Amino acid sequence: MSDYAAAIAAIEEAQGSWHGADWTHELAIDGRKVLDDDGEPIYCDGTEECQTCDDAEEDAAEAEDAARDALASLRSGDVGEALKSLELAVRIENHWGDSPTYGPALDVLRAAHGAA
């Protein structure tokens, strides 16, 4: 498994670093954007019940679970399953636009797998 030490470290580093909607976004309640009296969007300040925050938090937890599964698979020697699990984490994160958390870890795992 030493061939995969960098991948394990990258996944471990990614774990817990994405918790949800940590970017500026419009406030959404019950799936609808909240507007002010002039029809302009109100931005979430983290103090309201925001659908975007809730959804992103749930997705972050799901992605973290998938990455945890990837670690377990990688440590048990099942690289194929580790790739599938980490790819799932990236797909979940990509729903929010990109994958700065799990994407780099997947790149490291793919590189290690290609070199093995």
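Here the structure is shown first, and the text comes after it.
Keep in mind the model is a prediction, meaning the values are calculated, not measured.

Scoring rules and cut-offs
Residues numbered from 1 in each chain as written. Predicted model: local features only at pLDDT ≥ 70, side-chain atom pairs only at ≥ 80, totals over all residues. Heavy atoms only, no water. Helix = DSSP H or I, 4+ residues; strand = E, 2+ residues; numbered from the N terminus. Expected span 1.5 Å × (residues − 1). Buried < 20%, exposed > 50% of the residue type's maximum accessible area, 1.4 Å probe, protein only. Contact = heavy atoms within 4.5 Å. Axes fitted to C-alpha atoms, helices over the stretch in contact; angles between N-to-C directions. Parallel < 35°, antiparallel > 145°, perpendicular 65-115°, else oblique. Left-handed = near helix turned anticlockwise from the far one by under 90°. Nonpolar A, V, L, I, M, F, W, Y, C, P; charged D, E, K, R; others polar. Salt bridge = Lys/Arg side-chain N within 4 Å of Asp/Glu carboxyl O.

Chemist: Could you clarify how one ought to interpret helix α4 (residues 103–115) in this entry?
Modeler: For α4, with 13 residues, the first-to-last C-alpha span of 18 Å sits near the 18 Å given by 1.5 Å per residue. For α4, the complete set of buried residues consists of Gly103, Ala105, Leu106, Leu109 and Ala112. Packing partners of the buried residues in α4 comprise α1 (5–14), α2 (51–75) and α3 (79–94).

Chemist: I tried to follow α3 on my own but got confused; where do I start?
Modeler: Owing to its 3.6 residues per turn, the α-helix brings residues three or four apart onto one side. Its 16 residues give α3 an end-to-end C-alpha distance of 22 Å, which sits within 8% of 22 Å, the value for a rise of 1.5 Å per residue. Among the residues of α3, those classed as buried are Val79, Ala82, Leu83, Ser85, Leu86, Ala89, Val90, Ile92 and Glu93. Where α3 is buried, its residues contact α1, α2 and α4.

Chemist: So what exactly am I meant to see when it comes to the packing of α2 against α3 here?
Modeler: If you want to describe how two helices pack, look at the angle between their axes and the distance between the axes. Two numbers describe how α2 lies on α3: the axes approach to 8 Å, and their chain directions differ by 165°. Taken as axis vectors, α2 and α3 run roughly antiparallel relative to one another. Seen from above, α2 lies across α3 with left-handed handedness. Listed contacts from α3 to Asp59, Glu62, Ala63, Ala66, Ala67, Asp69, Ala70, Ser73 and Leu74 of α2 are Val79, Glu81, Ala82, Ser85, Leu86, Leu88, Ala89 and Ile92. For the contact of α2 with α3, the residue count by class is 11 nonpolar, 2 polar and 4 charged.

Chemist: How should the pattern of salt bridges be read in this particular structure?
Modeler: When charged atoms on two side chains of opposite charge get close, those side chains can pair. Under the criterion given, the structure shown has 5 salt bridges. We note a salt bridge from Lys33 to Glu26, for which the minimum N-O separation is 3.2 Å. Given the relative accessible area of 59%, Lys33 is considered exposed. Here Asp65 and Arg68 are joined by a salt bridge, their closest N and O atoms 2.7 Å apart. Placement of both Asp65 and Arg68 in helix α2 is noted, with a separation of 3 residues, approximately one turn of the helix. We classify Asp65 as partly exposed; its relative accessible area is 40%. A single salt-bridge network, built from bridges that share partners, covers Glu64, Asp65 and Arg68.

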